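# Survey of secondary and tertiary structure
Residue-level listing of the chains:
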Amino acid sequence: MRVLVLNGPNLGRLGRRQPEIYGSTTHAELASLCVGWGAALGLEVDLRQTNHEGVLLDWLNDAADQATPVVLNAAAWTHYSYAVFDACAQLTAPLVEVHISDPTQRPEVFRHTSVVTPHAAEVIAGHGIDGYRLALESVARLRQDPTQG
Ligand code: DQA
């Protein structure tokens with residue numbers, strides 16, 4: 001089964017961006033880790049990152065049309081994009097929200113709201129890069145038993 005792992009703005013700078021919060025793993029390293037973790041679970045991972053909101057919306061719309069499961073780190077868009085909210089609402093296959101940090105525990109109040117959570121079968125936050133492995137495990141589990149979301 002194919003799984004889209006979609007990363008939003010500034011996540012392409014992983015490894016260089018605030019490593020004290022987001023760690024030292026680069027986005028390229030994250031991509032190959034996800035492909036390996038997915039393969040071990042029987043999932044074909046297609047990982048993408050964009051700094052352009054419309055591009056993410058197009059990917060989410062395609063995922064809705066093709067009933068593709070999505071692991072989504074919408075980064076800052078998580079906190080205010082009603083377009084992302086509407087795109088996530090259309091998804092039919094499992095959606096798992098992931099964050100490297102735990103936005104709900106961070107001091108900026110704007111991070112405490114997520115437009116993705118209402119549509120997510122599961123939210124994984126604060127586990128660093130390993131959160132993506134947990135999110136892929138969640139997709140694999142949900143595929144086997146969709147009632148366990
Ligand atoms: C993030 C948390 C967001 O608040 C932030 O805007 C990001 C990354 C995370 O993975 O911890 O860009 O989604």
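Anyway, here's the lowdown on the structure attached to this text.

Thresholds applied
Residues numbered from 1 in each chain as written. Predicted model: local features only at pLDDT ≥ 70, side-chain atom pairs only at ≥ 80, totals over all residues. Heavy atoms only, no water. Helix = DSSP H or I, 4+ residues; strand = E, 2+ residues; numbered from the N terminus. Expected span 1.5 Å × (residues − 1). Contact = heavy atoms within 4.5 Å. Near = heavy atom within 4 Å. Polar contact = N/O pair within 3.5 Å; in protein donor to acceptor, adjacent residues only side chain to side chain. Areas by Shrake-Rupley, 256 points an atom, 1.4 Å probe, with all protein chains shown as cover. 1 Å grid on protein atoms, 1.4 Å probe; cavity = no way out; pocket = protein on both sides within 12 Å on 5 of 7 lines; lining within 4 Å. Sits in = over half its atoms within 2 Å of the grid points. Nonpolar A, V, L, I, M, F, W, Y, C, P; charged D, E, K, R; others polar.

Between its first and last C-alpha, helix H3 (residues 53-66) extends 20 Å over 14 residues, near the 20 Å set by a 1.5 Å rise per residue. Looking at the buried side of H3, the elements it contacts are strand S1 (2-7), strand S2 (44-49), strand S3 (70-73) and helix H4 (82-89).

On to the site of the ligand, then. As a matter of local geometry, the ligand sits amid Arg-17, Tyr-22, Asn-73, Ala-75, Ala-76, His-79, His-99, Ile-100, Ser-101, Arg-106 and Arg-111. In the environment of the ligand, an oxygen atom lies 2.8 Å from a nitrogen or oxygen atom belonging to the side chain of Asn-73. One nitrogen or oxygen atom from the main chain of Ala-76 is found 3.2 Å from an oxygen atom belonging to the ligand. Coverage of the ligand by the protein amounts to 98% of the 330 Å² it exposes when considered alone. When atoms are counted within 2 Å of each cavity's grid points, the one that captures over half of the ligand is the largest cavity. When the residues that make up the shell around the ligand are grouped by side-chain class, the tally is four nonpolar, four polar and three charged.

Moving on, we get to the environment of Val-70. Looking at where Val-70 falls in the secondary structure, it is placed in strand S3. When neighbours within four sequence positions are excluded, Val-70 is seen to be in contact with Leu-4, Leu-6, Leu-60, Ala-63, Leu-91, Pro-94, Leu-95 and Val-96.

These figures capture arrangement, not role.
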